[in-house]
Amino acid sequence: MTLTFLLNGESVELLNVDPTTTALDWLRETRGLTGTKEGCNEGDCGACTVLLTDEAGTRAVNACLLFLPQLHGKALRTVEGLKGPKGELHPVQEAMIAHHGSQCGFCTPGFIAQMAANHLNRETDHEAGLAGNLCRCTGYAPILRAARAAETAPVPVWMQDDPAFILAEISRGEPQAGGSAPLGALQPRTTDELATLYAAHPNATLVGGATDVGLWVTKHFRPLSELIFLAGVRDLQTITETDTEIRIGAGVTIAALIPLMARHHPSFAAMLARYASPQIRAVATIGGNIANGSPIGDGPPPLIALGATLHLRHGEKRRSLPLEDFFLDYGKQDRAPGEFVEAITIPKQPDHLKVWKLSKRQDQDISAVLGAFNIAVENGKITSARIAFGGMAATPKRARAVEAALLGQSWSETTMRAAAARFAEDYQPLSDLRASAAYRLRTAEALLWRAFAESQGQATDIREVRA
């Protein structure tokens, strides 16, 4: 396989690379670019943050979860590439010096890379923008001051070069679809090509953002000999709206999903803003979040509450099913070998959705419980109710007994008490490191009460409640 990409403004061509080599390992061990640090090696600390640019723009990503084939046809900048051709410092580097934002320095390259991406994209919510970067010695105050100080500085000319060069200097080449190409190098560019390849190689692993599969390599040390990379399949990355529905391609990233949901279901968007970190959201896909079948995946519960339909494809055959029916048991989904998630559709509807994620940290944490409530009330009566939870069962699951207790009843405290008592019929959660079974049941009940309290105009967000 031949890979071509820009590295710090210079064209690079790699032949016959191991497709499971991460950008982090290659940068440090092969190229000697050791400014990019290895911290957690699982996408949590941000020490390995780099800038990735393609036709969709520039975003910060974790190099530790980025396989080399995912760089094909794109531009990569490390902290070493943020300086100008004459050694000029980037504005965020100057600001970090001026505001004493670095102490031991280990985390600093990742902060600088993330801040440079935010500066390029003119993003000024720095607390949210830096939520994926961990500092244990300087503390965030001087770093945030540096980010704010750099806001008005012009974007350096050399930071504007990568998008202009991508199409002119880099050839994406033909997809490696067979013949002498190693199977691990397969990179389809359309869903038709993907369908053909996956049907022929049903045991292959599909790699979207690699935020999950990457951990199989960096933490589990699993050998992966059959890989099909999806980054080049552009028609998987589209969003289409009609008068009646929203169709979301399986390759749409969480970052791209947020503004869409902000227009239609703001509570869903607010929850997604807590999904992992900015670096992860930039590459993680909604299709991957669904297809891995995790019982604590953040995407499925609100989609189920919205009545989403999942669209699957195997070769030339397509089928659709309610998303809730896709999850059969722990680690088991209704998906045949060689069949892949092509899209998700959501019926357009008035916004009644409330989504709450409970975890030990505000940012970058796995859900202990995630509840999604889609309850419509007309003239004081509950006319529809779809409630789904993650973290309460072996799969994302609807609370059908609770829904039945609500439907047709008055929207009142009496109804809430009766409905809340039925959560134990719907769920028998486990106790684990994140939460006990008792906690999960109690918080599920509390979230139903929260939905009722908010409808009565009560403030329920602890970040907004004031004494």
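Below or above, wherever it landed, is the structure these notes cover. (Residues numbered from 1 in each chain as written. Predicted model: local features only at pLDDT ≥ 70, side-chain atom pairs only at ≥ 80, totals over all residues. Heavy atoms only, no water.)

Brief notes about the environment of L134
As for its placement among the helices and strands, L134 is situated in the loop between helix 4 (126-129) and helix 5 (140-149). Accessibility expressed as a relative area gives 35% for L134, which makes it partly exposed. C-alpha separation for the pair L134 and C107, spaced 27 residues apart in sequence, amounts to 6.9 Å. What L134 contacts, discounting residues up to four positions off in sequence, is C45, C107, F111 and Y140. (Helix = DSSP H or I, 4+ residues; strand = E, 2+ residues; numbered from the N terminus. Buried < 20%, exposed > 50% of the residue type's maximum accessible area, 1.4 Å probe, protein only. Contact = heavy atoms within 4.5 Å.)

Thoughts on the environment of P91
Tracing the backbone shows P91 in helix 2 (residues 91-98). By relative accessible area, P91 is classed as buried at 14%. Sequence spacing of P91 and I112 is 21 residues, and the spatial spacing of their C-alpha atoms is 9.8 Å. Here P91 is in contact with H119, A150, A153, P154 and P156, once residues within four sequence places are set aside.

Brief notes about the packing of aromatic side chains
Applying the stated rule across the entire model yields 12 aromatic pairs. Look at W449 and F452: their rings are 6.2 Å apart centre to centre, the planes differ by 90°, and that puts the pair in the edge-to-face class. Of this pair, W449 and F452 both sit in helix 18 (residues 437-455), 3 residues apart, which is roughly one turn of that helix. In this structure an aromatic cluster arises from ring pairing among W356, F373, F389, F423 and Y427. Over the face of the ring belonging to W216 we find R222, whose NZ or CZ atom lies 4.1 Å from the ring centre. (Phe/Tyr/Trp six-rings, centres within 6.5 Å; stacked < 30°, edge-to-face > 60°. Lys NZ or Arg CZ within 6 Å of the ring centre and 35° of its normal.)

Some thoughts on the nonpolar core
Counting 73 residues, the largest nonpolar core has I248, M261, F268, I286, I290, L310 and L323 as its most contacted members. It is helix 9 (residues 254-264) that provides the largest number of residues to this core, a total of 5 residues. Those residues in contact with L310, other than ones at most four positions away along the chain, are I290, R319, S320, L321, L323, F326, V341, A343 and I344. Of all hydrophobic cores here, the second largest spans 25 residues; its members include F389, W411, M416 and L448. (Core = buried A, V, L, I, M, F, W, Y, C linked by side-chain atoms within 4.5 Å.)

Let's talk about the pattern of salt bridges
One pass over the full model with this rule turns up 23 salt bridges. With a shortest N-O distance of 3.7 Å, R313 and E342 are connected by a salt bridge. Here E342 lies in strand 14 (residues 340-347) and R313 lies in strand 10 (residues 309-314), a separation of 29 residues in the sequence. As far as burial versus exposure is concerned, R313 and E342 are alike and both buried. For E324, the salt bridge identified is with R386, shortest N-O distance 2.7 Å. In this pair, E324 sits in helix 14 (residues 323-326) while R386 sits in strand 17 (residues 381-390), placing the two residues 62 residues apart along the sequence. (Salt bridge = Lys/Arg side-chain N within 4 Å of Asp/Glu carboxyl O.)

Considerations on the sheet that holds strand 18 (residues 397-398)
One open sheet holds the 4 strands; their spatial order is 15-16-17-18, and the pairing between them is antiparallel. Only two strands of the sheet have a single neighbouring strand rather than two, namely strand 15 (353-358) and strand 18. Note that strand 15 and strand 16 (residues 369-378) share 6 bridges and pair antiparallel. Across the sheet, the residue bridging to L358 is V369, located in strand 16. (Pairing = 2+ DSSP bridges.)

Remarks on unusual backbone geometry
Despite not being glycine, R122 has its phi angle at roughly 55°, a positive value. Locating R122 in the fold gives a position in the loop between helix 3 (108-120) and helix 4. At F221, a position not held by glycine, the phi torsion is positive, near 55°. Relative to the elements of secondary structure, F221 occurs in the loop between helix 8 (213-218) and strand 7 (227-229). On the accessibility criterion, F221 (66% relative accessible area) is exposed.

Overview of helix 9
All buried positions along helix 9 are accounted for by I254, L257, I258, L260, M261 and H264. Looking at the packing, one finds that the buried side of helix 9 touches strand 8 (239-241), strand 9 (245-249), helix 10 (266-272), helix 11 (278-281), helix 12 (286-291) and strand 14.

Quick word on the side chain of Q279
Mapped onto the secondary structure, Q279 falls in helix 11. At 3.0 Å, the side chain of Q279 forms a polar contact with the side chain of T49. In this view, Q279 contacts G46, T49, A60, V61, N62, Q114, G132 and N133; residues no more than four positions away in its chain are not counted. (Polar contact = N/O pair within 3.5 Å; in protein donor to acceptor, adjacent residues only side chain to side chain.)

Digging into the pairing of strand 3 (residues 49-54)
Of all 6 residues in strand 3, 6 are buried, a share of seventy percent or more. Judged by which residues are buried, strand 3 turns out to be covered on both faces: T49, L51 and T53 on one side and V50, L52 and D54 on the other are all buried. Across 6 bridges, the pairing between strand 3 and strand 4 (residues 57-62) is antiparallel. Residue V50 lies in a different strand from strand 4, and its bridge partner there is V61. Taking the residues between adjacent antiparallel strands as the criterion, strand 3 and strand 4 are bridged by 2 residues. When strand 3 meets strand 5 (residues 75-77), the two strands line up antiparallel, connected through 3 bridges. Paired with L52 across the bridge in strand 5 is L76.

Concerning the sheet that holds strand 14
What links the strands of a sheet is backbone hydrogen bonding, and the strands pair in either a parallel or an antiparallel sense. Pairing in this open sheet of 5 strands is antiparallel, and the strands run 8-9-14-10-11 from one edge to the other. At either end of the open sheet lies a strand with only one pairing partner, and these are strand 8 and strand 11 (317-322). Averaged over all pairs of adjacent strands, the angle between strand axes in this sheet comes to 20°, irrespective of strand direction. The pairing of strand 8 with strand 9 spans 3 bridges and is classified as antiparallel. The partner of T240 across the bridge, within strand 9, is R247. On the sheet, helix 7 (residues 191-200) packs against strand 10 and strand 14 and is oriented at approximately 130° with respect to strand 14. (Axes fitted to C-alpha atoms, helices over the stretch in contact; angles between N-to-C directions.)

Considerations on the packing of helix 2 against helix 3
The interhelical angle for the contact between helix 2 and helix 3, taken along N-to-C directions, is 130°, at an axis separation of 9 Å. One element, helix 2, and the other, helix 3, form an angle in the oblique class. Seen from above, helix 2 lies across helix 3 with right-handed handedness. Contacts between helix 2 and helix 3 involve P91, V92, Q93 and M96 on the former and, on the latter, T108, F111, I112, M115, A116 and H119. Looking at side-chain class alone, the contact of helix 2 with helix 3 contains 7 nonpolar, 3 polar and no charged residues. (Parallel < 35°, antiparallel > 145°, perpendicular 65-115°, else oblique. Left-handed = near helix turned anticlockwise from the far one by under 90°. Nonpolar A, V, L, I, M, F, W, Y, C, P; charged D, E, K, R; others polar.)

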